[in-house]
Amino acid sequence: MSFRDLDVDLEAQKPFSDSPEFDNLTEEASNLLLDVNNNLVTLKRFVNSLESRKDIKNASNLNSKSVKSIESITDLFKQLSLLSRQINRFEELNPSQTFTKDKVTREIKVSLLEFQSLQEKYTTLTKTLNEEAQTALDEEQEAAGSELQHANQDLVLERDVINNEEFVYRQNLIREREEEIQNIEHGISELNEIFTDL
């Protein structure tokens, strides 16, 4: 009997690993990092669109997409934190594994710094947009108040109802944005706490 008679596909076999658990953890962390970086690119696009204010009518939609993206990235970083802790528990590593561990840790830090930068940029931008919206709303209220003194009484009531509805709607938008800003700021501090051990 020769080796040719054996039906063994050597290429289909898994490669040898000194520590399959370590390899699985680093592979999972690398895959999560890929997801994080893809989401960071998307978030950066949303923030840049909000910053350019070209599509101001779609700002509310971009704002909600940005918040969802931030929440998604935060969840991914929480998963990465757990994986990083598990990877760092390995003590006796060969040089290749040490290199891989250091590389994964370094990439997590770089992605985290970029994410924090984007969060801060988004928070600052949203605060600015809220202030501008509040100022515009106040100016409209003042203008509507002076119009009320000069208009016909029947038209005044109809216009007042419309202005009040618009005013309430805009106030709700501003309040929602402020809540989202607070949530994002809380997320920033939470991420800082998670990664202090890195």
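Calculation rules
Residues numbered from 1 in each chain as written. Predicted model: local features only at pLDDT ≥ 70, side-chain atom pairs only at ≥ 80, totals over all residues. Heavy atoms only, no water. Helix = DSSP H or I, 4+ residues; strand = E, 2+ residues; numbered from the N terminus. Buried < 20%, exposed > 50% of the residue type's maximum accessible area, 1.4 Å probe, protein only. Contact = heavy atoms within 4.5 Å. Areas by Shrake-Rupley, 256 points an atom, 1.4 Å probe, with all protein chains shown as cover. Patch = residues over 30% accessible without salt bridge, like charges linked within 9 Å, V, L, I, M, F, W, Y side chains within 5 Å. Salt bridge = Lys/Arg side-chain N within 4 Å of Asp/Glu carboxyl O. Lys, Arg positive; Asp, Glu negative; His and termini not counted. Charge placed at Lys NZ, Arg CZ, Asp CG, Glu CD. Axes fitted to C-alpha atoms, helices over the stretch in contact; angles between N-to-C directions. Parallel < 35°, antiparallel > 145°, perpendicular 65-115°, else oblique. Left-handed = near helix turned anticlockwise from the far one by under 90°. Nonpolar A, V, L, I, M, F, W, Y, C, P; charged D, E, K, R; others polar. Expected span 1.5 Å × (residues − 1). Phe/Tyr/Trp six-rings, centres within 6.5 Å; stacked < 30°, edge-to-face > 60°. Core = buried A, V, L, I, M, F, W, Y, C linked by side-chain atoms within 4.5 Å.

Engineer: Can you lay out the overall build of the protein for me, pointing to particular residues and giving the numbers?
Structural biologist: Broken down by element type, the protein carries four helices and zero strands. Beginning at the N terminus, the succession of helices and strands in the protein can be written as α-α-α-α. Taking all 198 residues of the protein together, 30% fall into the buried category. Expressed as a percentage of contacts within the protein between residues at least 6 apart in sequence, the contacts between residues at least 24 apart total 88%. For the protein, the accessible surface area stands at approximately 13400 Å², while carbon and sulfur atoms represent 49% of it.

Engineer: Can you explain a negative patch on the surface? Please cite residues and give values.
Structural biologist: Among the surface-exposed residues, Asp18, Asp23, Glu27 and Glu28 lie close enough to one another that they form a single negatively charged patch. For Asp18, the location among the structural elements is in the segment before helix 1 (20-52). Residue classification places Asp18 among the exposed residues on the basis of a relative accessible area of 55%.

Engineer: Could you give an account of the packing of helix 1 against helix 2 (residues 59-88), with specific residues and numbers?
Structural biologist: Here helix 1 crosses helix 2 at 160°, and the two axes come no closer than 9 Å. With respect to their mutual orientation, helix 1 and helix 2 come out roughly antiparallel. Every pair of crossing elements has a handedness; the one defined by helix 1 and helix 2 is left-handed. Of the residues assigned to the contact of helix 1 with helix 2, the class counts are 19 nonpolar, nine polar and three charged.

Engineer: Explain helix 1 residue by residue, including any values.
Structural biologist: The end-to-end C-alpha distance of helix 1, which contains 33 residues, comes to 48 Å, matching closely the 48 Å that a straight helix rising 1.5 Å per residue would cover. Among the residues of helix 1, those classed as buried are Phe22, Leu25, Thr26, Ala29, Leu32, Leu33, Val36, Leu40, Leu43, Phe46, Val47 and Leu50. In the stretch just after helix 1, Arg53 is the one whose phi turns positive, near 55°.

Engineer: Run through the packing of aromatic side chains, naming residues and quoting values.
Structural biologist: The final tally for this structure, using the stated rule, is two aromatic pairs. Note on Phe22 and Phe90: the rings are 5.3 Å apart at their centroids and 85° apart in plane angle, and the pair reads as edge-to-face. Taken together, the positions of Phe22 in helix 1 and Phe90 in the loop between helix 2 and helix 3 (95-150) put the pair 68 residues apart, joining distant regions of the chain. Between the aromatic rings of Phe77 and Phe115, the centroid separation amounts to 5.5 Å while the plane-to-plane angle is 25°, which identifies the pairing as stacked. Taken together, the residues Phe77 in helix 2 and Phe115 in helix 3 connect sequence positions 38 residues apart.

Engineer: Can you lay out the nonpolar core for me, pointing to particular residues and giving the numbers?
Structural biologist: Counting 34 residues, the largest nonpolar core has Phe77, Leu80 and Phe115 as the members making the most contacts within it. Elements with a contribution of two residues or more to this core: helix 1, helix 2, helix 3 and helix 4 (153-194). For this core, the element with the highest residue contribution is helix 1, accounting for 11 residues. Discounting residues that sit within four places of it in the chain, Phe115 has contacts with Leu40, Leu43, Ile70, Ile73, Thr74, Phe77 and Leu191.

Engineer: Before we move on, could you go through the pattern of salt bridges and cite the residues and values that matter?
Structural biologist: Under the criterion given, the structure shown has two salt bridges. One salt bridge connects Lys121 with Glu51, and the closest N-O pair in it is separated by 3.2 Å. Of this pair, Lys121 sits in helix 3 while Glu51 sits in helix 1, placing them 70 residues apart in sequence. For Lys121, a relative accessible area of 31% puts it in the partly exposed group. Its relative accessible area of 41% is what places Glu51 among the partly exposed residues. Between Lys103 and Glu107 there is a salt bridge; the shortest N-O distance is 3.9 Å. Within this pair, Lys103 and its partner Glu107 are both found in helix 3, separated by four residues, close to a single helical turn.

Everything listed here is a matter of coordinates, which is why it stays silent on function.
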